[in-house]
Amino acid sequence: GLNSLQRGGVIVFTSETVRRDPLKSVATLSSSGQRAHTSEQIEVLKNLQEALSSASFVPALLHGVTGSGKTEVYLCLIEATLQRRKTALMLMPEIGLTPRVAEEFRQRLGRHIAILHSGLSDGERFDEWWRIKRGEARVDIGTRSALFAPLENLGLIVVDEEHDPSYKQQESPRYHARDTALVRGKLAQALVVLGSATPGVETFHNARSGKYRYLRMMSRVQSRPLPEVTLVDMREEFKASGKPAVLSRALQVEVAQRLERKEQVLVLLNRRGFSASVLCRSCGQNIQCRNCSISLTFHRALGRLLCHYCSYEQRVPKLCPRCSSEHLYFQGEGTEKVEVLLEKLFPKAKIARLDRDTAQRKNAHATILRRFQNGETDILAGTQMISKGHDFHNVTLAAILSADSSLSFPDFRCAERTFHLLSQMSGRPGRGELPGQVLIQTFHPEHYCLKLVAQH
């Protein structure tokens, strides 16, 4: 066929390299030019650009409230690094660069960017790695593994949301990307900026003791106020209705008001699935994972029980495996159940869910966020994925369910981690012209962690 046509001189075979672009689904914004900087941003940039020009290892903590414009500081520093003929590395905790951030980086830095994270296909990762290796891409943006990208002449490393637990790799090779970034920065004599609204305790200690430079940004861009935070006492809800409520009356009223005003709502519950566990009411047996001995979570969409540690799964039994009783009880709630409850309460609202289950398909994470960004969704419910770094200007209410479930984990960091998550989530509403509000449902409103979140 084709070979004989080629031999006859009718056609010619040519080979062409086509680069796979992980950001091709990201729309390009029309150029908005350089944003006017706040006085705090100018001060911070002056300090960090001086550190950059010293061409020596400088570790710095940028402690800026949510919405204070840390991303703009990172962009300006990357541009300054490129002007000095050096390369830059930016680490982020989540694989889906939020659509708005991806657009901003693509617009400002264009062809200089390479993206590296586990959500890429093998081909995309191969292409991006070689672009970095050949020096075509001089800015690498990605999750923890991007730290090992083959960047030459490194001048800047940024670790955004440096407190985030996903920087720690639990399987071999075990490492903490934030700490390893500091080591790579020291080897390269580069500026290392750790950014967070809620720095990790160790990072904060290092900044206070003078080991790191400490830079603070206290106010939001355009002097927008931080949202008002209200703690909803779920003990009172239980007294009023006599049964455990997932969505409090106060929350239902607030959501209804937002929908009426065509504003958007975020609902956080940091547990995926439908029911947290399955219990036999006759013998008290809790159906557990045969590998991990922890409760299996019921996922209604799959019709299966899943282990959230090792991914073991099994069908839902009709009878108790221990006493053969049929009195099995599904207790606790996850994001699937919350989505169903919201659909029942607000049938006219467009509701979406973002967790590891809905984000499994390629680009699904970015698509769900883009629809919410464009106003195609009214309520977005999800796990901690919805709390990180997003800049949705029409969100005026963030609701946090079961806020204290993570306070009872047998982990000495549980209060710190709860504080990080709730503070991050409290920074989502009120980033546009409209003021924001946060409702935190809790059985322990007197807990110091929740009190401090309420006071920002």
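Residues numbered from 1 in each chain as written. Predicted model: local features only at pLDDT ≥ 70, side-chain atom pairs only at ≥ 80, totals over all residues. Heavy atoms only, no water.

**Looking at the overall build of the protein chain**
Regarding its fold elements, the protein chain presents 13 helices and 20 strands. For 456 residues, the compact-globule formula gives about 23 Å, and the C-alpha radius of gyration of the protein chain, at 24 Å, lands near that figure. Principal-axis analysis of the C-alpha atoms places the extent of the protein chain at approximately 75 × 70 × 45 Å. For the protein chain, the residues scored as buried account for 52% of the 456 residues in total. Taking the intrachain contacts of the protein chain between residues at least 6 apart in sequence as the baseline, contacts between residues at least 24 apart amount to 76%. Of the accessible surface of the protein chain, which amounts to about 22600 Å², a share of 51% is contributed by carbon and sulfur atoms. Taken together, the 63 basic and 47 acidic charged side chains of the protein chain have centroids lying 3 Å from each other. (Helix = DSSP H or I, 4+ residues; strand = E, 2+ residues; numbered from the N terminus. Rg over C-alpha atoms; globule rule 2.2 N^0.38 Å. Buried < 20%, exposed > 50% of the residue type's maximum accessible area, 1.4 Å probe, protein only. Contact = heavy atoms within 4.5 Å. Areas by Shrake-Rupley, 256 points an atom, 1.4 Å probe, with all protein chains shown as cover. Lys, Arg positive; Asp, Glu negative; His and termini not counted. Charge placed at Lys NZ, Arg CZ, Asp CG, Glu CD.)

**A closer look at the confidence of the model for the protein chain**
Model confidence for the protein chain is summarised by a mean pLDDT of 90, while 96% of its residues fall at 70 or above. Averaged pLDDT values for the elements of the protein chain fall to 77 in helix α4 (residues 99-109) and rise to 98 in helix α6 (residues 177-188). Confidence drops under pLDDT 50 across residues 28-34; counting only partners more than four residues distant or on other chains, this segment forms ten contacts. (pLDDT = per-residue confidence, 0-100.)

**Here we look at the side chain of H163**
With respect to the helices and strands, the residue H163 is situated in the loop between β5 (154-160) and β6 (168-169). Taking the relative accessible area as the measure of exposure, H163 reaches 11% and is therefore buried. Side-chain polar atoms of H163 contact the backbone oxygen of T198, separated by 3.4 Å. Ignoring any residue separated from it by four or fewer positions in sequence, one finds H163 in contact with S196, T198, P199, G200, H420 and Q424. (Polar contact = N/O pair within 3.5 Å; in protein donor to acceptor, adjacent residues only side chain to side chain.)

**Focus: empty space enclosed by the protein**
Enumeration over the complete set of coordinates arrives at two cavities of 30 Å³ or more. Of the voids in this model, the largest cavity is the one considered here, and its volume is about 70 Å³. Lining the largest cavity are L268, L269, N270, I400, L401, S402, A403, S405, S406, T418, L421 and L422. Tallying contributions element by element places helix α12 (residues 414-426) first for the lining of the largest cavity, with three residues. (1 Å grid on protein atoms, 1.4 Å probe; cavity = no way out; pocket = protein on both sides within 12 Å on 5 of 7 lines; lining within 4 Å. Points joined across faces, edges and corners; volume = space filled by probe spheres on them.)

**Some thoughts on the packing of aromatic side chains**
One pass over the full model with this rule turns up six aromatic pairs. Pairing F274 with F298 gives two aromatic rings, centres 6.0 Å apart and planes at 80°, and the pair type is edge-to-face. Of this pair, F274 sits in the loop between β11 (264-268) and β12 (277-280) while F298 sits in strand β13 (residues 297-299), placing them 24 residues apart in sequence. Three or more aromatic residues joined by ring pairs make a cluster, and in this case those are F274, F298 and F330. Over the ring of Y329 we find R281; its NZ or CZ atom is 3.8 Å from the centre of that ring. (Phe/Tyr/Trp six-rings, centres within 6.5 Å; stacked < 30°, edge-to-face > 60°. Lys NZ or Arg CZ within 6 Å of the ring centre and 35° of its normal.)

**Structural notes on the sheet that holds strand β15 (residues 313-315)**
Taken together, the three strands give an open sheet; going across it, the order is β13-β14-β15, and neighbouring strands pair in antiparallel fashion. Strands with a single pairing partner mark the edges of an open sheet, and in this sheet they are β13 and β15. The average angle at which neighbouring strand axes cross in this sheet is 35°, direction not considered. The pairing of β13 with strand β14 (residues 304-306) spans three bridges and is classified as antiparallel. Across the sheet, residue F298 finds its bridge partner in β14, namely L305. (Pairing = 2+ DSSP bridges. Axes fitted to C-alpha atoms, helices over the stretch in contact; angles between N-to-C directions.)

**Concerning the side chain of T442**
Mapped onto the elements of the fold, T442 is located in strand β20 (residues 437-442). Exposure remark for T442: the relative accessible area of 1% places this residue in the buried category. Polar contacts involving the side chain of T442 include one to the main-chain amide nitrogen of H444, which spans 2.8 Å. Setting aside chain neighbours within four positions, we find T442 in contact with L231, V232, D233, M234, D404 and L450.

**Structural notes on helix α9 (residues 249-260)**
Taking 1.5 Å of rise per residue, twelve residues should cover 16 Å, and α9 covers 17 Å from first to last C-alpha, within 8% of that figure. For α9, the complete set of buried residues consists of L251, E254, V255, R258 and L259. Looking straight down α9, one finds that the buried residues subtend no more than 135° of arc, so they occupy a single side. Looking one or two residues beyond α9, the residue adopting positive phi is K262, at roughly 60°. (Expected span 1.5 Å × (residues − 1). Arc of directions from axis to C-beta.)

**Describing the state of the cysteines**
Under the definition given, this model contains zero disulfides. In this structure C289 is not part of a disulfide, and its nearest cysteine sulfur, from C310, lies 3.6 Å away. By relative accessible area, C289 is classed as buried at 3%. Under the relative-accessibility criterion, C310 is labelled partly exposed at 33%. (Disulfide = S-S within 2.5 Å.)

**What about the pairing of β11?**
Regular strands show a simple pattern: their side chains alternate between the two faces of the sheet. Within β11, five of the five residues are buried, which leaves the element mostly enclosed by the surrounding structure. Residues of β11 alternate between two faces, with Q264, L266 and L268 on one and V265 and V267 on the opposite face, all of them buried. Bridge count for β11 against strand β19 (residues 395-400) is five bridges, and the pairing is parallel. When the bridges of β19 are listed, Q264 appears paired with V395.

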